[in-house]
Amino acid sequence: MGARNLLYGRGILPARSLRGPVVSIGNLSVGGSGKTPFVILLGELLKERGIKFDVLSRGYGRKTRGILLAEPGGSSAQFGDEPLLIARRLEVPVVLGEDRHQAGMFAESKFGSQLHLLDDGFQHRALARNFDIVLVTADDPRARLLPIGRLREPLTSLRRADAVVLTSGAEPTSFPLDGKLVWRVRRGIAPGNVSAHPVAFCGIARPQTFMLHLRKAGIEPAAEAVYRDHHVYTETDIRELLALKATSEADGFVTTEKDAINLGGYFSALQPLAVIPVKMELLDAANAVDTMLRIVAERMKQA
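Small disclaimer: the values here were computed from a predicted structure and weren't measured.

A. Spatial organisation of the overall build of the chain. Assigned secondary structure in the chain consists of nine helices and 13 strands. By the compact-globule yardstick of 19 Å for 303 residues, the chain fits well, its C-alpha radius of gyration being 20 Å. Principal-axis analysis of the C-alpha atoms gives the chain an extent of 65 × 45 × 40 Å. The buried share of the chain, taken over its 303 residues, is 50%. Looking at the chain alone, contacts between residues at least 24 apart form 71% of all its contacts between residues at least 6 apart. Taken as a whole, the chain presents about 14,100 Å² of accessible surface, with 52% of it coming from carbon and sulfur. Of note, the chain has its 39 positive side-chain charges centred 6 Å away from the centre of its 33 negative side-chain charges.

B. Quick look at the packing of helix 2 (residues 35-48) against helix 4 (residues 81-90). The geometry of helix 2 relative to helix 4 is characterised by a closest axis approach of 10 Å and an angle of 25 degrees between their N-to-C directions. For the element pair helix 2 / helix 4, the angle class is roughly parallel. Classified by chirality, the crossing of helix 4 by helix 2 is right-handed. On the side of helix 2, the interface is formed by Thr36, Val39, Ile40, Gly43, Glu44 and Lys47, while helix 4 contributes Glu82, Leu85, Ile86, Arg89 and Leu90. Grouping the constituent residues of the contact of helix 2 with helix 4 by class yields five nonpolar, two polar and four charged.

C. View of the nonpolar core. Residues Phe38, Leu42, Leu117, Ile133 and Trp183 are the most contacted members of the largest nonpolar core, which totals 39 residues. Excluding anything up to four places from it in sequence, Ile133 contacts Val23, Ser24, Ile25, Gly26, Phe38, Leu42, Ala163, Val165, Trp183 and Met292.

D. Region of the structure containing the side chain of His124. Looking at the element boundaries, His124 is found in the loop between strand 5 (115-119) and strand 6 (131-136). There is a polar contact of 3.2 Å between the side chain of His124 and the side chain of Arg100.

E. Here's a closer look at unusual backbone geometry. Omega for the peptide link from Leu146 to Pro147 comes to 5 degrees, which places this bond in the cis form. Assignment of secondary structure puts Pro147 in the loop between strand 6 and strand 7 (163-166). The residue after Gln271, namely Pro272, is reached through a cis peptide bond having omega -5 degrees. Among the structural elements, Pro272 can be located in the loop between helix 8 (257-263) and strand 12 (273-276). Phi at Asp120 is positive, roughly 55 degrees, even though this residue is not glycine. One can find Asp120 in the loop between strand 5 and strand 6. A positive phi angle, near 55 degrees, is found at Glu249, a position not held by glycine. Inspection of the secondary structure puts Glu249 in the loop between helix 7 (235-248) and strand 11 (253-256). The exposure class of Glu249 is exposed, given its relative accessible area of 70%.

F. Spotlight on the sheet that holds strand 8 (residues 181-189). Strand order in this open sheet of nine strands is 3-4-2-5-1-6-7-8-13, and the pairing throughout is mixed. Of all the strands in the sheet, just strand 3 (68-69) and strand 13 (278-282) have a single pairing partner and so form its edges. As paired elements, strand 6 and strand 7 share four bridges and run parallel to each other. Directly across from Ile133, in strand 7, lies its bridge partner Ala163. Set on the sheet, helix 5 (residues 100-111) makes contact with strand 2 (53-57), strand 3, strand 4 (94-96) and strand 5; between it and strand 2 the angle comes to about 155 degrees.

G. Local environment of helix 5. With 12 residues, helix 5 should reach 16 Å at 1.5 Å per residue; the first-to-last C-alpha distance of 16 Å fits that figure. What helix 5 keeps buried is the set Arg100, His101, Ala103, Gly104, Ala107 and Glu108. Looking down the long axis of helix 5, one finds its buried residues gathered within 155 degrees of arc, a one-sided arrangement. The inward-facing, buried residues of helix 5 contact strand 2, strand 4 and strand 5. N-cap assignment for helix 5: the residue whose side-chain oxygen lies 2.9 Å from the backbone N of His101 is Asp99. In the segment just after helix 5, Gly112 is the residue with positive phi, at about 90 degrees.

H. Seen up close, the sheet that holds strand 10 (residues 223-226). Pairing is parallel across the open sheet formed by four strands, whose spatial order is 10-9-11-12. Only two strands of the sheet have a single neighbouring strand rather than two, namely strand 10 and strand 12. For this sheet, the mean angle separating the axes of adjacent strands, direction not counted, is 20 degrees. Both strand 9 (residues 199-202) and strand 11 contribute to a ladder of two bridges, which runs parallel.

I. Summary view of the pattern of salt bridges. As enumerated under the stated definition, the model contains 20 salt bridges in all. A salt bridge links Arg215 to Glu224, with the nearest nitrogen and oxygen atoms 2.7 Å apart. By relative accessible area, which is 36% here, Arg215 ends up partly exposed. Taken together, the shared-partner salt bridges in this structure form one network comprising Glu44, Arg89 and Glu257.

Rules behind the numbers
- Residues numbered from 1 in each chain as written.
- Predicted model: local features only at pLDDT ≥ 70, side-chain atom pairs only at ≥ 80, totals over all residues.
- Heavy atoms only, no water.
- Helix = DSSP H or I, 4+ residues; strand = E, 2+ residues; numbered from the N terminus.
- Rg over C-alpha atoms; globule rule 2.2 N^0.38 Å.
- Buried < 20%, exposed > 50% of the residue type's maximum accessible area, 1.4 Å probe, protein only.
- Contact = heavy atoms within 4.5 Å.
- Areas by Shrake-Rupley, 256 points an atom, 1.4 Å probe, with all protein chains shown as cover.
- Lys, Arg positive; Asp, Glu negative; His and termini not counted.
- Charge placed at Lys NZ, Arg CZ, Asp CG, Glu CD.
- Axes fitted to C-alpha atoms, helices over the stretch in contact; angles between N-to-C directions.
- Parallel < 35°, antiparallel > 145°, perpendicular 65-115°, else oblique.
- Left-handed = near helix turned anticlockwise from the far one by under 90°.
- Nonpolar A, V, L, I, M, F, W, Y, C, P; charged D, E, K, R; others polar.
- Core = buried A, V, L, I, M, F, W, Y, C linked by side-chain atoms within 4.5 Å.
- Polar contact = N/O pair within 3.5 Å; in protein donor to acceptor, adjacent residues only side chain to side chain.
- Pairing = 2+ DSSP bridges.
- Expected span 1.5 Å × (residues − 1).
- Arc of directions from axis to C-beta.
- Salt bridge = Lys/Arg side-chain N within 4 Å of Asp/Glu carboxyl O.

What follows is the structure, given as structure tokens:
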């Protein structure tokens, strides 16, 4: 968190508002809680109701700066892998900006004052929001604060949340949830046309979860290759993966949607390649979304 955000976080500077309502999706720890799949899930639920919205994102990992509208056909270097995944899956405007208020102002100038989903927004307190959703994992209660551990904030920060989403086996008794809406999600994969014994590779925050989901789906990898989260693949990586396929006698490759984006122009070199989307389901989704929209509407009237 930069110095300017610290000033907002301590209440020295007032958070800046947008005309349209803001729903923030964030977490307490670094990586792997499922923020991007949840943004996509919530976006799909909003689209089912005919609600127009955009997504505001920092664009982590992009090589560009400033305010940009993500182009679905672009590259992760231009827009970041997760914003591109959101743009491709939801087919809604995804606006990138280090300053999310400026990104929101840009979005409203182009698309009107519709609802904004603030991606990875719990720590971005410079932008006022009308509803705060925070995803937690089973590991969070045992984790330590950065830089020693993975926590961005202590568990007590959940007092700022409106809804806490329990993911990855998280139990409600492990968190201070008094007065909070508690939502549960199920996560999995949607295996498609995967070869019998592929090389499984990924560069995500929790690679072991992806490998576990493959085995639960009856897919037994001939070999595995794991890279750092948001890894952008190089020619050397492709050569190594092809060599691993040969030595393991694998009959293809399997990876995640995010990795497929980060393969860029090397995608065609790894064939046959199955790309596995993440499935996320919100339990009692209709009631959860109804409650969120009611609270948002009430707070917009009070503003």
